[in-house]
Amino acid sequence: MKKIAFSITAIALLLLSCSSGSASSLENPELEASVVKAEANEPTQESGKTIMLSKQDFLEKVMNYEKNQSEWVYEGDKPALIDFYADWCGPCRQAAPVLEELAKEYEGQIYIYKIDTEKEKELAAVFGIRSIPAFLFVPQEGRPTMSNGIAQTPEATKAMFKQMIDELLLGKETTATNQDS
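The shown structure was predicted, so the numbers you read here are calculated from the model rather than taken from an experiment. (Residues numbered from 1 in each chain as written. Predicted model: local features only at pLDDT ≥ 70, side-chain atom pairs only at ≥ 80, totals over all residues. Heavy atoms only, no water.)

> So what exactly am I meant to see when it comes to the environment of Pro-144 here?
Position of Pro-144 among the secondary structure elements: in the loop between β7 (134-138) and β8 (145-148). Sequence separation between Pro-144 and Leu-169 is 25 residues, and the spatial gap between their C-alpha atoms is 9.1 Å. (Helix = DSSP H or I, 4+ residues; strand = E, 2+ residues; numbered from the N terminus.)

This is the structure:
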């Protein structure tokens, strides 16, 4: 019985992530409207919105991998959560409103960045993104941590993100809750 439950869980997680293979781009004006463009008057996380990054923005605000090829050097002044997504990816669209809520909730404490893997193929390649959504948790000091996929419900996804933000980015100790995914 445990093997069946494990198999069902594994299949569900696979279905909740997208392959980064070629697919047609779907317009998602809701997603686009909720994302602050980093180029426009240099927004900060104090705006309570996610921030779209281009390669140039990434090099300036997160890590200049062209200059620092052998070691991770974070350029930001606050920890960051980076969402690697594509408009055509269903789970990516499901994660977007959760990330918006978290941007408001953690306003002034962390940055929540978004990178469109269809537009920023080099960034996706640098981080070996083959499945989306993928999330890079970047602490102020230390090495970043990559996570893929989302939970089955928005509530569980938000709880998962909050735990990872609190532990990995803000250094808070949390009690792990036993959730069935």
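> Help me understand the packing of helix α4 (residues 90-105) against helix α6 (residues 154-169), please; the structure alone is not making it clear to me.
Angle between the axes and distance between the axes are the two parameters that describe a pair of packed helices. Axis separation between α4 and α6 bottoms out at 10 Å; the angle between their running directions is 40°. Regarding the angle of α4 to α6, the classification is oblique. Two packed elements cross with a definite hand, and for α4 against α6 that hand is right-handed. Packed against α4, whose contacting residues are Val-98, Leu-99, Glu-101, Leu-102 and Glu-105, the element α6 presents Pro-154, Thr-157, Lys-158, Phe-161, Lys-162 and Ile-165 at the interface. Taken together, the residues of the contact of α4 with α6 sort by class into 6 nonpolar, 1 polar and 4 charged. (Axes fitted to C-alpha atoms, helices over the stretch in contact; angles between N-to-C directions. Parallel < 35°, antiparallel > 145°, perpendicular 65-115°, else oblique. Left-handed = near helix turned anticlockwise from the far one by under 90°. Contact = heavy atoms within 4.5 Å. Nonpolar A, V, L, I, M, F, W, Y, C, P; charged D, E, K, R; others polar.)

> What's the story with the layout of surface pockets in this structure? I'm lost.
Each pocket or cavity is described by its volume, and for the largest pocket that value is around 180 Å³. In terms of lining residues, the largest pocket is bounded by Met-63, Tyr-65, Asn-68, Gln-69, Ser-70, Glu-71, Trp-72, Val-126, Phe-127, Leu-136, Arg-143 and Pro-144. For the lining of the largest pocket, the class distribution of residues is 7 nonpolar, 3 polar and 2 charged. (1 Å grid on protein atoms, 1.4 Å probe; cavity = no way out; pocket = protein on both sides within 12 Å on 5 of 7 lines; lining within 4 Å. Points joined across faces, edges and corners; volume = space filled by probe spheres on them.)

> For this particular structure, what's the right way to read the pattern of salt bridges?
Proximity of charged atoms lets side chains of opposite charge pair with each other. Within the structure shown, the criterion is met by 6 salt bridges. Glu-105 serves as the salt-bridge partner of Lys-162, at 2.1 Å between the closest nitrogen and oxygen. Of the two residues, Lys-162 sits in helix α6 while Glu-105 sits in helix α4, which places them 57 residues apart along the sequence. Judged by relative accessible area, which is 36%, Glu-105 ranks as partly exposed. (Salt bridge = Lys/Arg side-chain N within 4 Å of Asp/Glu carboxyl O. Buried < 20%, exposed > 50% of the residue type's maximum accessible area, 1.4 Å probe, protein only.)

> When you look at the confidence of the model for the chain in this model, what are you seeing that I'm missing?
Detailed conclusions should not be drawn from predicted coordinates in areas where pLDDT is low. On average, residues of the chain score 77 in pLDDT, and 70% of them are at 70 or above. Between residues 1-17, whose pLDDT stays under 50, and residues either more than four places distant or in other chains, the model counts 13 contacts. Note on residues 19-46: pLDDT under 50 across the span, and 60 contacts to partners over four residues away in sequence or across chains. (pLDDT = per-residue confidence, 0-100.)

> Can you help me understand the nonpolar core in this one?
Across soluble globular proteins, nonpolar side chains show a tendency to be buried alongside one another. Ranked by internal contacts, the top residues of the largest apolar core, which has 29 residues, are Phe-58, Val-62, Trp-72, Ile-82, Phe-84 and Tyr-113. Secondary structure elements with two or more residues in this core: β3 (50-52), α3 (55-61), β4 (80-85), β5 (111-116), α5 (121-126) and β7. In contact with Phe-84, other than residues within four places in its own chain, are Ile-115, Thr-117, Leu-123, Phe-127, Ile-129, Ile-132, Pro-133, Ala-134, Leu-136 and Met-146. (Core = buried A, V, L, I, M, F, W, Y, C linked by side-chain atoms within 4.5 Å.)

> Honestly, the packing of aromatic side chains in this entry has me stumped. Any pointers?
When we look at a pair of aromatic rings, we describe it by the centre distance and by the angle of the planes. Using the criterion set out here, one finds 7 aromatic pairs in the structure. On the basis of an interplanar angle of 75° and a centroid distance of 5.5 Å, the ring pair of Phe-58 and Phe-127 is categorised as edge-to-face. Taken together, the residues Phe-58 in helix α3 and Phe-127 in the loop between α5 and β6 (131-132) connect sequence positions 69 residues apart. With respect to class, Phe-58 is no different from Phe-127; both count as buried. With a centroid separation of 6.4 Å and an interplanar angle of 75°, the aromatic rings of Trp-72 and Phe-127 are classed as edge-to-face. Of the two residues, Trp-72 sits in the loop between α3 and β4 while Phe-127 sits in the loop between α5 and β6, which places them 55 residues apart along the sequence. Pair check on accessibility: Trp-72 and Phe-127 agree, each one buried. It is Lys-114 that lies over the ring of Tyr-85; its NZ or CZ is 4.4 Å from the centre. (Phe/Tyr/Trp six-rings, centres within 6.5 Å; stacked < 30°, edge-to-face > 60°. Lys NZ or Arg CZ within 6 Å of the ring centre and 35° of its normal.)

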